[in-house]
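Take a look at the letters that make up each chain.
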Amino acid sequence: MSIQIIRPGLLTTVQDEGRIGYRRYGVPVGGSMDMFAARVANILLGNSRHDAVLEITMSGPELKMQTNQLISLCGADLSATVDRQPVPLWRPVLLRAGSVLKFGACRHGLRAYLAFAGGIDVPEVMGSRSTDVKTGFGGFHGRALRAADALDAGGISHEVQQWISVMEMQLGDNQTMVAPAWFLSEKERPDYYEKPVIRVMQGQDYSYFREESLKIFFSENYMISPHSDRMGYRMQGSRLELARPLHRLSEAVTFGTVQVPADGQPIVLMADHQTIGGYPVIAQVATVDLPILAQVRPGSRISFAEITHEEARDLYILRERNLRLLDQLIRRKMAEMEVIS
């Protein structure tokens, strides 16, 4: 096995982009909570966007590399080290066989994404390698990682193998890792670390809410409840009320749907959300801000700002264009063998 789990951390699971096409059977899409960080982690290694990564929540694991491993670590800063040396974020890093990757205090954010060249080799279930912890399937035996587990990295392309070979030549006798000088700049990442303002569009039941409640929704700082999880973020703040009773059948919901149950406290549905819901829908989080929301810790506060569907679409198109450009740039650098810091 390529990677040995010495210590599993609080919640470390195998995730990818989720299960597409099974919602009609009641199967959630699931997948990475911060899809941007997971996708960039794969791009930096020349992986496919569909390759599986490790999603590490708050308290990270301790992993021993049985073979040389090209990795990248994106998202939250969980104080990752190898032999007491900090592991740089948002760039490829080659780790020597026998080295131990450890995580410490959570400095910023909530979830880190650890990718390996070739992805993580676990069986696909319904077209995805993502772990559905609640139902116990997918990923690594349908559960979070435990001590003494072992993972294999998947196969890599000839170009990536050549790139790794060049990096291996740069490993000194006393070095356990080597990384290129380049990395994804902060201006190209989501603004994880400021007080989050989450952009939303009006939901289908927006007009049913009292005018005063709508003002509260866009002016109040909501605290994320400790009872939040991968299925939904529960908000704590002033009660939101309907202007008139609303009787409706359950309808399809998605990642970022903002529901308001009878207690008047909004719930933002997250990656492992149910497939249908009957609560009134006040808003829908813009796709580009879902990664930011996924990195907010319970007990922290967020606010909401309204944008139009057209603005949300344009932001999404811009992000996708930038990710594709990044993918092209990384593959060019691999071809040039530009690796040395």
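This text follows the structure it describes.
The sections below set out a description of the structure shown in this document.

Reading the values: the criteria
- Residues numbered from 1 in each chain as written.
- Predicted model: local features only at pLDDT ≥ 70, side-chain atom pairs only at ≥ 80, totals over all residues.
- Heavy atoms only, no water.
- Core = buried A, V, L, I, M, F, W, Y, C linked by side-chain atoms within 4.5 Å.
- Buried < 20%, exposed > 50% of the residue type's maximum accessible area, 1.4 Å probe, protein only.
- Contact = heavy atoms within 4.5 Å.
- Helix = DSSP H or I, 4+ residues; strand = E, 2+ residues; numbered from the N terminus.
- Pairing = 2+ DSSP bridges.
- Polar contact = N/O pair within 3.5 Å; in protein donor to acceptor, adjacent residues only side chain to side chain.
- Axes fitted to C-alpha atoms, helices over the stretch in contact; angles between N-to-C directions.
- Parallel < 35°, antiparallel > 145°, perpendicular 65-115°, else oblique.
- Left-handed = near helix turned anticlockwise from the far one by under 90°.
- Nonpolar A, V, L, I, M, F, W, Y, C, P; charged D, E, K, R; others polar.
- Phe/Tyr/Trp six-rings, centres within 6.5 Å; stacked < 30°, edge-to-face > 60°.

Below, the discussion takes up the nonpolar core. Counting residues in hydrophobic clusters, the biggest one holds 59 residues, and the most contacted among them are Val 40, Leu 70, Phe 217, Tyr 233, Val 268 and Ile 282. Among all residues touching Val 40, those that are not within four sequence positions of it are Cys 74, Trp 90, Leu 184, Leu 323 and Leu 326. Formed by 31 residues, the second largest nonpolar core is a distinct cluster that contains Ala 76, Phe 116, Val 122 and Ala 153.

Residue Arg 84 is not a glycine yet carries a positive backbone phi of 70°. Topologically, Arg 84 is positioned in the loop between β6 (81-82) and β7 (85-86). Overall, the relative accessible area of 79% leaves Arg 84 in the exposed class. Despite not being glycine, Ala 148 has its phi angle at roughly 80°, a positive value. Checked against the element boundaries, Ala 148 lands in the loop between β10 (108-116) and β11 (150-151).

What follows concerns the sheet that holds β7. The strand order across the open sheet formed by 6 strands is β7-β6-β9-β4-β1-β11, and the pairing between neighbours is antiparallel. At either end of the open sheet lies a strand with only one pairing partner, and these are β7 and β11. In this structure, strand β1 (residues 3-7) lies alongside β11, joined through 2 bridges in antiparallel fashion. Within β11, the position partnered with Ile 3 by the bridge is Leu 151.

Burial runs high along helix α1 (residues 35-43): 8 of the 9 residues are buried. Along α1, the residues that are buried comprise Phe 36, Ala 37, Ala 38, Arg 39, Val 40, Ala 41, Asn 42 and Ile 43. For α1, the capping residue at the N-terminal end is Asp 34, with a side-chain oxygen 3.2 Å from the backbone nitrogen of Phe 36.

For the rest of this paragraph, the subject is the packing of α1 against helix α5 (residues 309-336). The interhelical angle for the contact between α1 and α5, taken along N-to-C directions, is 20°, at an axis separation of 10 Å. The orientation of α1 with respect to α5, classified from their angle, is roughly parallel. Remark: the crossing between α1 and α5 carries right-handed chirality. Facing α1, whose interface residues are Phe 36, Arg 39, Val 40 and Ile 43, α5 presents Arg 319, Glu 320, Leu 323, Leu 326, Asp 327 and Ile 330. Each residue belonging to the contact of α1 with α5 can be placed in one class, and the counts come to 6 nonpolar, no polar and 4 charged.

Moving on to the packing of aromatic side chains. Under the criterion given, the structure shown has 8 aromatic pairs. Each ring, one from Phe 36 and one from Trp 90, has its centre 6.2 Å from the other, and the planes form 45°; the classification is tilted. Note that Phe 36 is positioned in helix α1 and Trp 90 in the loop between β7 and β8 (92-95), a separation of 54 residues in sequence. Neither residue differs from the other here; Phe 36 and Trp 90 are each classed as buried. With centroids separated by 5.0 Å and ring planes inclined at 80°, the aromatic side chains of Phe 217 and Phe 218 adopt a geometry described as edge-to-face. For Phe 217, a relative accessible area of 0% translates into the label buried. Every member of this aromatic cluster is reached through a ring pair, and the members are Tyr 206, Phe 217, Phe 218, Tyr 222 and Phe 304.

On the basis of which strands lie adjacent, the open sheet formed by 6 strands has the order β2-β3-β10-β5-β8-β12 and antiparallel pairing. Strands with a single pairing partner mark the edges of an open sheet, and in this sheet they are β2 (11-15) and β12 (177-178). Sheet topology note: the strand β3 (residues 53-57)/β10 ladder contains 4 bridges and is antiparallel. In the strand pairing of β10, Leu 54 is matched with Leu 114.

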